[in-house]
Amino acid sequence: MKKSAKTITSGGLMRRISDGSNRPPRLEVHQSWWAINGTSEEGTSIERKLERVAEAGFAGLLSRLPEHGQEDWVRLLRSHGLHWGVQSFPSSGDTFFPVLKRCRELGAQYVNAQVANSFVTGDEAVRLLGGLLETAGRAQIPMFVETHRGKITQDLLRTLSYIEALPELRLTLDLSHYVLAGEITVEQDAIEAGRWFEPLFRRASCIHGRVSNGQQIQAEIGREGDDPCSARFVSWWSSCMHEWLTGAGPGDVFPFVCELGPAPYAMKSGEEELSDRWEQALILKKLAERAWALAVAKI
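Residues numbered from 1 in each chain as written. Predicted model: local features only at pLDDT ≥ 70, side-chain atom pairs only at ≥ 80, totals over all residues. Heavy atoms only, no water.

Caption draft 1: View of the overall build of the protein. Along the protein, the regular secondary structure elements total nine helices and eleven strands. For 299 residues, the compact-globule estimate of 2.2 N^0.38 gives 19 Å, and the C-alpha radius of gyration of the protein, at 18 Å, lies within 12% of that figure. Scored against the burial criterion, the 299 residues of the protein give a buried share of 54%. A separation threshold of at least 6 residues defines the contact pool for the protein, and within that pool the share at least 24 residues apart is 80%. Averaging the positions of the 34 positive and the 38 negative side-chain charges in the protein gives two centres separated by 5 Å. (Helix = DSSP H or I, 4+ residues; strand = E, 2+ residues; numbered from the N terminus. Rg over C-alpha atoms; globule rule 2.2 N^0.38 Å. Buried < 20%, exposed > 50% of the residue type's maximum accessible area, 1.4 Å probe, protein only. Contact = heavy atoms within 4.5 Å. Lys, Arg positive; Asp, Glu negative; His and termini not counted. Charge placed at Lys NZ, Arg CZ, Asp CG, Glu CD.)

Caption draft 2: How the structure looks around the pairing of strand β5 (residues 110-113). A two-sided burial pattern is seen for β5, the buried positions comprising Tyr 110 and Asn 112 on one face and Val 111 and Ala 113 on the other. With four bridges connecting them, strand β4 (residues 83-88) and β5 associate as parallel partners. Bridging across to β5, Gln 87 finds its partner in Asn 112. The handedness of the β4 to β5 crossover, carried by helix α3 (residues 93-105), is right-handed. As judged from the three bridges shared by β5 and strand β6 (residues 143-146), these two strands associate in the parallel manner. Looking at β6, one finds that Asn 112 is bridged to Phe 144. Considered for its hand, the β-α-β crossover made up of β5, helix α4 (residues 122-139) and β6 is right-handed. (Pairing = 2+ DSSP bridges. Right-handed = clockwise from strand over helix to strand, strands pointing away.)

Caption draft 3: Representation of the packing of aromatic side chains in the model. Applying the stated rule across the entire model yields twelve aromatic pairs. Between Trp 244 and Phe 254, the ring centres sit 5.3 Å apart and the planes meet at 65°, which makes this aromatic pair edge-to-face. Taken together, the positions of Trp 244 in helix α8 (residues 228-246) and Phe 254 in strand β9 (residues 252-258) put the pair ten residues apart, joining distant regions of the chain. Judged by its relative accessible area of 0%, Phe 254 falls in the buried class. Ring pairing ties together the aromatic residues Phe 197, Phe 201, Phe 233, Trp 236, Trp 237 and Phe 256, which thus form one cluster. Taking the ring centre of Trp 278 as reference, the NZ or CZ of Arg 52 above it sits at 4.5 Å. Arg 138 extends its terminal NZ or CZ atom over the ring of Phe 97, reaching a point 4.5 Å from the ring centre. (Phe/Tyr/Trp six-rings, centres within 6.5 Å; stacked < 30°, edge-to-face > 60°. Lys NZ or Arg CZ within 6 Å of the ring centre and 35° of its normal.)

Caption draft 4: The arrangement of the environment of Asn 213 in detail. With respect to the helices, strands and loops of the structure, Asn 213 is situated in the loop between β8 (204-209) and α8. Separated by 137 residues in sequence, Asn 213 and Leu 76 have C-alpha atoms that sit 37 Å apart. Sequence-distant contacts of Asn 213, that is, excluding residues within four places in its chain, are made with Val 179, Ile 184, Thr 185, Ala 219 and Cys 229. Among the polar contacts listed, one links the side chain of Asn 213 to the backbone nitrogen of Gln 215, at a separation of 2.8 Å. A polar side-chain atom of Asn 213 sits 2.7 Å from a polar atom in the side chain of Gln 216. (Polar contact = N/O pair within 3.5 Å; in protein donor to acceptor, adjacent residues only side chain to side chain.)

Caption draft 5: Spotlight on helix α5 (residues 156-165). Buried residues dominate α5, accounting for eight of its ten residues. Among the residues of α5, Leu 156, Arg 158, Thr 159, Leu 160, Ser 161, Tyr 162, Ile 163 and Ala 165 are the ones counted as buried. Where α5 is buried, its residues touch α4, β7 (171-173), α6 (175-181) and α7 (187-201). One side-chain oxygen of the residue at the start of α5 lies 3.1 Å from the amide nitrogen of Leu 157, identifying that residue as Asp 155.

Caption draft 6: Molecular detail of the packing of α3 against α4. Viewed as axis vectors pointing N to C, α3 and α4 meet at an angle of 30°, and their least axial separation amounts to 9 Å. The two elements α3 and α4 cross, and the hand of that crossing is right-handed. Note on element contacts: α4 touches α3 through Leu 132, Thr 135, Ala 136, Arg 138 and Ala 139, opposite Gly 93, Phe 96, Phe 97, Leu 100, Lys 101 and Arg 104. Of the residues that constitute the contact of α3 with α4, the class distribution is six nonpolar, two polar and three charged. (Axes fitted to C-alpha atoms, helices over the stretch in contact; angles between N-to-C directions. Left-handed = near helix turned anticlockwise from the far one by under 90°. Nonpolar A, V, L, I, M, F, W, Y, C, P; charged D, E, K, R; others polar.)

The analysis is restricted to geometry; functional conclusions fall outside its scope.
So this is what it looks like as structure tokens:
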């Protein structure tokens with residue numbers, strides 16, 4: 001892949017979520033709307049799902065932008081005191097601006113972007129990402145590009161080239177994709193990968209929480225989160241949170257989204273999923289809080 005030599009900047013981009021308060025920088029653990037769907041959730045009402053998310057102590061939810069005429073969903077979410085991030089799939093700045101504008105009008109905290117596809121590379125990718133950053137700056141809403149297989153951030157090395165070319169690019173860090181794509185299964189590989197992850201840690205404003213064992217994208221982590229792979233991820237998440245904290249100010253918010261998807265992300269035996277994704281999400285929430293406490297202790 002030919003790396004772009006041009007550095008692109010986009011003025012006005014909101015690099016962090018801030019509520020404008022004087023509160024200390026804080027972690028907010030969110031649940032994914034995608035994660036509370038699937039065969040195991042059939043028959044559960046939207047109201048009950050949102051009640052359960054709020055009762056479990058989650059601070060918000062990540063979901064797609066509702067269709068026009070379905071804005072009551074957002075009001076219902078707010079009635080449970082939940083914040084909201086939007087999952088998006090942009091492929092051009094021109095088509096992205098109306099999406100960002102509507103996200104802001106509906107009160108979304110931020111927009112998570114899975115960009116284009118894995119066949120957009122090099123200078124073309126840098127131009128596309130630069131255009132999206134400029135669009136987000138005009139819309140005045142935080143926009144974070146997710147590290148994700150099958151997208152413009154398909155692999156670790158090309159993503160490193162993008163952040164070098166685009167100083168204002170902020171990420172949603174989902175390391176499960178790079179652990180799986182790199183088949184990181186043994187401790188020595190994990191140590192080496194951690195060194196390559198460090199530049200990503202410095203650019204992340206959000207984390208998507210899922211543990212990969214290097215062979216499955218979404219591994220079962222046990223009733224206490226004591227699977228050996230979990231410790232690696234907690235260490236990586238904590239390092240990322242620490243980097244974010246070093247530049248955070250009053251009112252800044254760091255979302256950690258528990259994102260355990262239904263099948264085929266979840267493994268099945270026949271028609272039954274092999275793990276309880278809701279229970280696993282609660283364990284991920286505890287692991288995120290543990291990573292945050294470790295990060296705070298380093299400040």
